[in-house]
Amino acid sequence: PNLTCISTGSPATTVTWMRDGQQLSLGDTYIPIQTVTDRRLSTYNNILVIKAASSDIFGHTYSCTVINAFGTVSKALVAYTPPTVTISPHETPTAGDSFSLTCTVTLAAGDYIVGDSGSPVQWKGPDGASIKSTLQVMTNTYISTLEFNPVRTTHGGEYICQATSTAGTIMDAANIIIQIPPPTLTMSRDPDASTTLRHGDSLSLTCTIQLDEAVDSDVVVTGRLQGQAGMSSNVVARSGNVYEIVLHIPSLRATPSEICICTTSVEPRLDVTFIQSSESRIDSLNITVGKYPMYYYFVK
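Predicted, not measured: the structure shown is a model, and the values here were computed from it.

(A) A look at the packing of aromatic side chains. In this structure the tally under the stated criterion is 2 aromatic pairs. Ring geometry for Phe 148 against Tyr 159: centres 5.6 Å apart, planes inclined by 80°, an arrangement best described as edge-to-face. Taken together, the positions of Phe 148 in strand β13 (residues 141-148) and Tyr 159 in strand β14 (residues 157-165) put the pair 11 residues apart, joining distant regions of the chain. A relative accessible area of 11% places Phe 148 in the buried class. In this structure Tyr 159 comes out as buried when scored by relative accessible area, which is 3%. Taken together, the ring pairs in this structure connect Phe 99, Phe 148 and Tyr 159 into an aromatic cluster.

(B) Region of the structure containing the pairing of strand β10 (residues 121-124). The alternating pattern of β10 places Val 121 and Trp 123 on a buried face and Gln 122 and Lys 124 on a face that is not buried. Inspection of the sheet shows β10 paired to β14 by 4 bridges, in the antiparallel sense. Looking at the pairing, Val 121 lines up with Ala 163 of β14. Sheet topology note: the β10/strand β11 (residues 130-131) ladder contains 2 bridges and is antiparallel. Bridged to Trp 123 within β11 is Ile 131. Hairpin geometry of β10 and β11 is characterised by an intervening segment of 5 residues between the two adjacent antiparallel strands and by a positive phi of about 85° at Gly 128.

(C) Summary view of the state of the cysteines. In this structure the tally under the stated criterion is 3 disulfides. Note on cysteine connectivity: Cys 103 is disulfide-linked to Cys 161, with sulfurs 1.9 Å apart. Between Cys 103 and Cys 161 the sulfur-sulfur dihedral comes to about -80°; the bridge is accordingly left-handed. A residue pair is termed long-range when its members are at least 10 positions apart, and Cys 103 in strand β9 (residues 99-106) and Cys 161 in strand β14 qualify at 58 residues. For Cys 103, a relative accessible area of 0% gives the class buried. Its relative accessible area of 0% is what places Cys 161 among the buried residues. Between the sulfur of Cys 207 and that of Cys 262 lies a disulfide, 2.0 Å long from S to S. When the S-S torsion is -80°, as for the bridge of Cys 207 with Cys 262, the disulfide is left-handed. Of the two residues, Cys 207 is situated in strand β19 (residues 203-210) and Cys 262 in strand β24 (residues 255-268); the sequence distance between them amounts to 55 residues. The exposure class of Cys 262 is buried, given its relative accessible area of 0%. If the cysteines joined by disulfides in the protein chain are listed in sequence order, their pairing comes out as 1-2, 3-4, 5-6.

(D) Looking closely at the sheet that holds strand β12 (residues 134-138). Read across the open sheet, the 4 strands follow the order β8-β9-β13-β12; overall the sheet is antiparallel. The open sheet has two edge strands, β8 (84-88) and β12, and neither has a second partner. Going from strand to strand, the sheet's axes swing by 15° on average, the running direction of each strand aside. Relative to β9, β8 is paired through 5 bridges, and the arrangement is antiparallel. Looking at the pairing, Ser 88 lines up with Thr 102 of β9.

Procedures and definitions
- Residues numbered from 1 in each chain as written.
- Predicted model: local features only at pLDDT ≥ 70, side-chain atom pairs only at ≥ 80, totals over all residues.
- Heavy atoms only, no water.
- Phe/Tyr/Trp six-rings, centres within 6.5 Å; stacked < 30°, edge-to-face > 60°.
- Helix = DSSP H or I, 4+ residues; strand = E, 2+ residues; numbered from the N terminus.
- Buried < 20%, exposed > 50% of the residue type's maximum accessible area, 1.4 Å probe, protein only.
- Pairing = 2+ DSSP bridges.
- Disulfide = S-S within 2.5 Å.
- Axes fitted to C-alpha atoms, helices over the stretch in contact; angles between N-to-C directions.

Shown next, in the form of C-alpha cells:
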C-alpha cells in the first residue's frame, strides 16, 4: 500500500515518516517518493510506498512530520486491518421457494465504514445494478440481507457484496444457480374414460405440462408421449406456463390393457448458465380396447 502526505510551506519543507512514534528506516521496505504539484506554493505529494508483509503493516500508526524553519506539523493515520466481507450461503435454491443471501462485514476495532452512510454495504446483481437490502448493525459488524420471495429463474447469476472502510474496499461474490422445480403432468384422453374403446376406434391423448409460476421464459420444455406404437414429441406452449403434447391414434387395436406414458423435462436455454435442469417427470394412463362383438347368423 501507499501512504500520501501533502505538504505546503515556504521555505521548502522536509518530511519524516514515523511508525508507532519511531522514525522509519527508509530503503527497500519503506520507499519515499516526492512529487511537486505546485512550485509556486511549494506544494508536494510525499508518498510512502510500503512493501512489508501485510501482517507487519496493519495495526500500526503511521505519521508524516513536515518541518521547515517556521515549525513542525504532524499527521497520523492508523493502518487498520481491512474488513472481512463474506456472503452466505452458497447454495442452489429452487425457483418458487423463499431464499436469502447474507453479507457479513466485520471491521477491525476502531475502523469504520466510509462512503454512503445510507447504504454502507453495497450489493450488485447479475446485471451490475445496485440492489436494495435490509441492514443490521452491531459493534464492528454489518449484516446485509437480500430477500428473494419467491426465487425466480431470472435471479440466477453472480452477486457481489462490497464495503469500504478507512482500511480499504473489500468485496465477496457468490454465484447463485437456480434449480428448476419439476413440472406437474396430467394425462387425459378424448373420448374420456366414460366411453368404451373398441378395436378400430380413434383416440387422442394429451399430456399437459404445468411449470411453476416462478419459472420464466429462459427455459426449454421437452417431452415425449407414447401409446399403441405411436409417439409424439411435439411440445406446444398453450398459455402462461402451460404446455401440451398431443398424440392422435387413428385406429386402435384391441388390447386388454396398455400403458400410455408421458415423460418430460425442463432445461435452461443454451445461453443461460445459472439455471439447473429439473428432474424428469413421468405420468401414465391405462387404456383398454375391446373387440367389437361378433354376430353369427344361422340359416335353416
